[in-house]
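Residue strings, one per chain:
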Amino acid sequence: MAALAFMSSTLANFTYDHVPIGRRIADRVALCLSRERGVEASRRADAATERASKLEARVRVLTDELDARTGYRRVVGESTEWHQVLTQATQVAATETTVLLLGESGTGKEVVARFLHRASSRNNGPFIALNCAALPEQLLEAELFGYERGAYTGATQSKPGQLEQAAGGTLFLDEVGEMSPSAQAKFLRVLQEREFQRLGGTRVLRTDARIVAATNRDLHKAIATGQFREDLYYRLNVFAIRLPALRNRRDDILPLSEAFLKEIGRGLGRPPGGISREARQQLIEYHWPGNVRELRNILERAAILCDGGLITSEHLAITAPTPAAATVQFKEVVATAAVAGGGAGPTMPSPAGDLQSMERAMIEQALQSARFNKSKAAKALGLTRHQLYIRMRKYGFE
């Protein structure tokens, strides 16, 4: 709303005859203002469109570059949900802001972290990835902060930690929700002061590594149960990006499948000839609790089974035994191995190699049953997550 006033220093200078003239002048002024606002709005819209176009072009360039550099970890997808993730990553990449990647296991958090690194001004620096769940507490701190000679038994020489090695680049902390309370407290100081000390050392070191963290846990629940520090959460949760589950981006399933088969085919003597119509439909309709990681593992198995032919529904291991069955069988194998290894009780005639094969099969079965979610697989097998990682490395699953 606006008002237009006419004033005169002469008393009673205006009459009712001047009212139509005043109204016409007011209408003309209103029309000019309206046109000016329209031009300004159009100018802002054009500027926003131009910025969006440049951002989209930047996303495409970075996607192609990452595809060429990282093999099967390609940034594939045209769905709106996935495109929004890449757009947010591109926007925050130009800053030094700490980023927290949230989402289910297997949704591609490391892929996005690498994409973010390539889009940043630190792209010529190192990209260091550390899985916080794969290491026990003391070893995690040693890897993260480094250690001095004699810090603990076996430390025969000083070793820089990942924080030092990531200087000028990006440190990606995967599964940060699995950090021990002690490591959380020490890492909080790193985020606050950018300072840390090696294990067994007194010298204060500084780091300029950019922190990108990821987790598939509900950190709010972890805070409520005292498993995760609230102050560390707010330090990490500066710019959060939530990755969609594969079932929420079904338009990307077939493009991802084609990309994975192309990569898998390079390592096979006879690459698959494609995917049948029924198999494609089955891939699209499946729930994918293991997300992109499960998709690739299933396609790799199918590519081996089809032996250079067309992948059909018979080659897709989408149904799997229940975790409970895998648990019972695995415990039986462990018990048998314990008896075979000596101690009280009769000695089994089975050789150690057969027992190891059975143990490996049970681990593979549990991983498939849990859709390659390691936490669920470990629970199903009656192991801790760390014990499962040890066995996975032993049998070449990683």
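In the block above lies the structure referred to throughout.
None of these values were measured; they are calculated from a predicted model. Numbers given to residues run from 1 along each chain, matching the order in which its sequence is written. Whole-chain, interface and lining totals are the exception, using all residues; otherwise, since this is a predicted model, local features are given only for residues with pLDDT of at least 70 and side-chain atom pairs are given and counted only at 80 or more. Based on all heavy atoms of the structure, the side-chain values leave hydrogens and waters out of the count.

Undergrad: Let's hear about the overall build of the chain: which residues, and what values?
TA: Under the DSSP-based scheme used, a helix requires at least four consecutive residues in state H or I and a strand at least two consecutive residues in state E, with every element numbered from the N terminus. Within the chain, the regular secondary structure consists of 15 helices and 11 strands. Residue exposure (1.4 Å probe, protein chains only): buried if accessible area is under 20% of the type maximum, exposed if over 50%, otherwise partly exposed. Out of the 398 residues in the chain, the part that is buried amounts to 41%. Contacts are residue-level and defined by heavy atoms, with any inter-residue pair within 4.5 Å sufficient. Sequence-distant contacts, at least 24 apart, represent 73% of the contacts inside the chain between residues at least 6 apart. Summing over all exposed atoms, the chain offers an accessible surface of approximately 21,700 Å²; the carbon and sulfur share of this is 51%. Every accessible area reported is derived by Shrake-Rupley at a probe size of 1.4 Å, with residue values counting cover from the shown protein chains alone.

Undergrad: Tell me what's going on with the packing of aromatic side chains, and back it up with residues and numbers.
TA: Any pair of Phe, Tyr and Trp rings, taking the six-membered ring for Trp, is counted once the centres come within 6.5 Å. Such a pair is stacked with planes under 30 degrees apart, edge-to-face with planes over 60 apart, and tilted for the rest. In this structure the tally under the stated criterion is four aromatic pairs. Consider the rings of F145 and F196, whose centres lie 6.3 Å apart with planes at 40°: the pair is tilted. Of the two residues, F145 sits in helix α4 (residues 137-145) while F196 sits in strand β6 (residues 195-197), which places them 51 residues apart along the sequence. The buried category is assigned to F145, whose relative accessible area is 2%. By relative accessible area, F196 is classed as buried at 4%. Centroid distance Y233 to Y234: 5.2 Å. Interplanar angle 65°. Geometry classified as edge-to-face. Residue Y233 is classed as buried on the basis of its relative accessible area, which comes to 8%. Working rule: Lys NZ or Arg CZ, within 6 Å of ring centre, within 35 degrees of ring normal, means a charge sits over the ring. One cation-aromatic arrangement involves R249 over W82; the distance from NZ or CZ to the ring centre is 4.1 Å.

Undergrad: Give a description of the nonpolar core that names residues and reports values.
TA: Counting residues in each nonpolar core, the largest one holds 30 residues, and the members touching the most others are L144, L171, L173, M179, F187 and L236. For this core, the secondary-structure elements that each account for two or more residues are β1 (99-102), β2 (127-131), α4, β5 (170-174), α6 (181-193), β8 (210-215), α7 (219-224) and α8 (230-236). With five residues, the top contributor of residues to this core is α6. Within this scheme, the nonpolar core is defined by two criteria: the residues are buried Ala, Val, Leu, Ile, Met, Phe, Trp, Tyr or Cys, and they are joined through side-chain atoms within 4.5 Å. One finds V76, L256, I264 and C306 within the second-largest nonpolar core, a separate group that totals 23 residues.

Undergrad: Explain the sheet that holds β1 to me, and be specific about the residues and the numbers.
TA: Two strands form a pair only when DSSP identifies at least two bridges running between them. Pairing is parallel in the open sheet, where five strands are placed in the order β2-β5-β8-β1-β9. Edge positions in the sheet fall to β2 and β9 (239-242), since each of these pairs with one other strand and no more. Sheet twist, expressed as the mean angle between neighbouring strand axes with direction ignored, is 20°. In terms of strand pairing, β1 meets β8 through four bridges, oriented parallel. Counted as the bridge partner of L101 is A214 from β8. Axis geometry follows a simple rule: fit a line to the C-alpha atoms, using only the stretch in contact for helices, then measure angles between N-to-C directions, giving values from 0 to 180 degrees.

Undergrad: Quick rundown of the environment of T90? Include the residues and the values.
TA: In this structure, T90 sits in helix α2 (residues 80-93). For the pair formed by T90 and A119, sequence separation is 29 residues and the distance between their alpha carbons is 6.1 Å.

Undergrad: Got a sec to walk through a nonpolar patch on the surface? Specific residues and values, please.
TA: Residues enter a patch when their relative accessible area is above 30% and they make no salt bridge; the linking distance is 9 Å between like charges and 5 Å between nonpolar side chains (Val, Leu, Ile, Met, Phe, Trp, Tyr). Salt bridges are counted wherever a side-chain nitrogen of Lys or Arg sits within 4 Å of a carboxyl oxygen of Asp or Glu. A cluster of nonpolar side chains, L4, F6, F14, I21, I25, V29 and L33, forms an exposed patch at the surface whose accessible area comes to about 600 Å². By secondary structure assignment, the location of V29 is in helix α1 (residues 19-70).

Undergrad: Pulling in residues and values, what's your account of the pattern of salt bridges?
TA: Scanning the model with the defined rule gives 14 salt bridges in all. A salt bridge links R247 to E104, with the nearest nitrogen and oxygen atoms 2.3 Å apart. In this pair, R247 is assigned in the loop between β9 and α9 (253-266) and E104 in the loop between β1 and α3 (109-119), connecting sequence segments 143 residues apart. Between K186 and E141 there is a salt bridge, and its shortest N-O distance comes to 2.7 Å. One end of the pair, K186, is in helix α6; the other, E141, is in helix α4, with 45 residues separating them in the sequence. The exposure class of K186 is partly exposed, given its relative accessible area of 37%.

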